[in-house]
Amino acid sequence: VQLQASGGGSVQAGGSLRVSCAVSGARFGLYDLGWYRQAPGKHRELVATITSNGRTKYTDSVKDRFTISRPNAGDTVNLEMSSLKPEDAAVYYCNAQSILNRAVNYWGKGTLVTVSS
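Note that the structure is a prediction, hence the values are computed from the model and not measured.

Conventions and cut-offs
- Residues numbered from 1 in each chain as written.
- Predicted model: local features only at pLDDT ≥ 70, side-chain atom pairs only at ≥ 80, totals over all residues.
- Heavy atoms only, no water.
- Disulfide = S-S within 2.5 Å.
- Helix = DSSP H or I, 4+ residues; strand = E, 2+ residues; numbered from the N terminus.
- Buried < 20%, exposed > 50% of the residue type's maximum accessible area, 1.4 Å probe, protein only.
- Salt bridge = Lys/Arg side-chain N within 4 Å of Asp/Glu carboxyl O.
- Polar contact = N/O pair within 3.5 Å; in protein donor to acceptor, adjacent residues only side chain to side chain.
- Contact = heavy atoms within 4.5 Å.
- Pairing = 2+ DSSP bridges.
- Axes fitted to C-alpha atoms, helices over the stretch in contact; angles between N-to-C directions.

Q: So what exactly am I meant to see when it comes to the state of the cysteines here?
A: Cysteine pairs can be covalently joined through their sulfur atoms, and such a bond is termed a disulfide. Throughout the structure, instances matching the rule amount to one disulfide. With its sulfur 2.2 Å from that of its partner, Cys 21 forms a disulfide with Cys 94. Sign of the S-S torsion, about 50° for the bond between Cys 21 and Cys 94, identifies this disulfide as right-handed. Residue Cys 21 is found in strand β3 (residues 17-24), and its partner Cys 94 is found in strand β9 (residues 90-98); the two are separated by 73 residues along the sequence. Taking relative accessible area as the criterion, Cys 21 reaches 1% and is therefore assigned buried.

Okay, structure coming up:
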């Protein structure tokens, strides 16, 4: 399974960005997809996940500001980020987790999101 992230960049506080991740090699329906982030000096944390049937989960700090989507329940996962805050700045990683074995996780290379105040 390979994941290729794109998007991200720099934005002022209050602005919007989108990050996308193309997943290949993952059999349809057998993986949940998601986004995690890691800020300098902090642990990697879950941002949002989405199942193959569209069920979503968000960390509390991004609810009502971020939207995760999986167009056509396929092999792409997007994260639309709005009302960005400086504390959202981090390296964002896409993730594919096997629904058959939750210990099996694949990660893409991170994409940097910078938010200036």
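Q: Can you help me understand the pattern of salt bridges in this one?
A: Any two side chains of opposite charge can pair, on the condition that their charged atoms come close. Overall, the coordinates contain six salt bridges when judged by the stated rule. Note that Glu 80 is salt-bridged to Arg 18, the shortest N-O span being 3.2 Å. Of this pair, Glu 80 sits in strand β8 (residues 76-81) while Arg 18 sits in strand β3, placing them 62 residues apart in sequence. For Glu 80, a relative accessible area of 34% corresponds to the partly exposed category. Across the pair Arg 65 and Asp 88 runs a salt bridge, and its minimum N-O distance is 2.7 Å. A residue pair is termed long-range when its members are at least 10 positions apart, and Arg 65 in the loop between β6 (56-58) and β7 (66-69) and Asp 88 in the loop between β8 and β9 qualify at 23 residues. Connected through shared salt-bridge partners, Arg 37, Glu 45, Arg 65 and Asp 88 make up one network.

Q: Would you mind going over the side chain of Asp 32 with me for this structure?
A: Relative to the helices and strands, Asp 32 resides in strand β4 (residues 31-38). Its relative accessible area of 13% is what places Asp 32 among the buried residues. For Asp 32, the side chain forms a polar contact with the side chain of Arg 102, separated by 2.8 Å. Discounting chain neighbours no more than four positions away, the residues touching Asp 32 are Ile 50, Thr 51, Ser 52, Arg 70, Asn 95, Ala 96, Gln 97, Ile 99 and Arg 102.

Q: Help me out: how do you make sense of the sheet that holds strand β1 (residues 2-7) in this one?
A: Consider a sheet: its strands pair through backbone hydrogen bonds, and that pairing is either parallel or antiparallel. One open sheet holds the four strands; their spatial order is β1-β3-β8-β7, and the pairing between them is antiparallel. Two strands lie at the open edges of the sheet, namely β1 and β7, each paired on one side alone. Neighbouring strand axes in the sheet, compared pairwise and without regard to direction, differ in orientation by 15° on average. The pairing of β7 with β8 spans four bridges and is classified as antiparallel. If you follow Ile 68 over to β8, its bridge partner there is Leu 79.

Q: Just checking my understanding: could you explain the environment of Asn 53 for this structure?
A: Along the chain, Asn 53 turns up in the loop between β5 (45-50) and β6. Taking the relative accessible area as the measure of exposure, Asn 53 reaches 59% and is therefore exposed. Along the chain, Asn 53 and Arg 70 lie 17 residues apart, while their C-alpha atoms are 9.2 Å from each other. Polar side-chain contacts of Asn 53 include one of 2.4 Å to the side chain of Thr 51.

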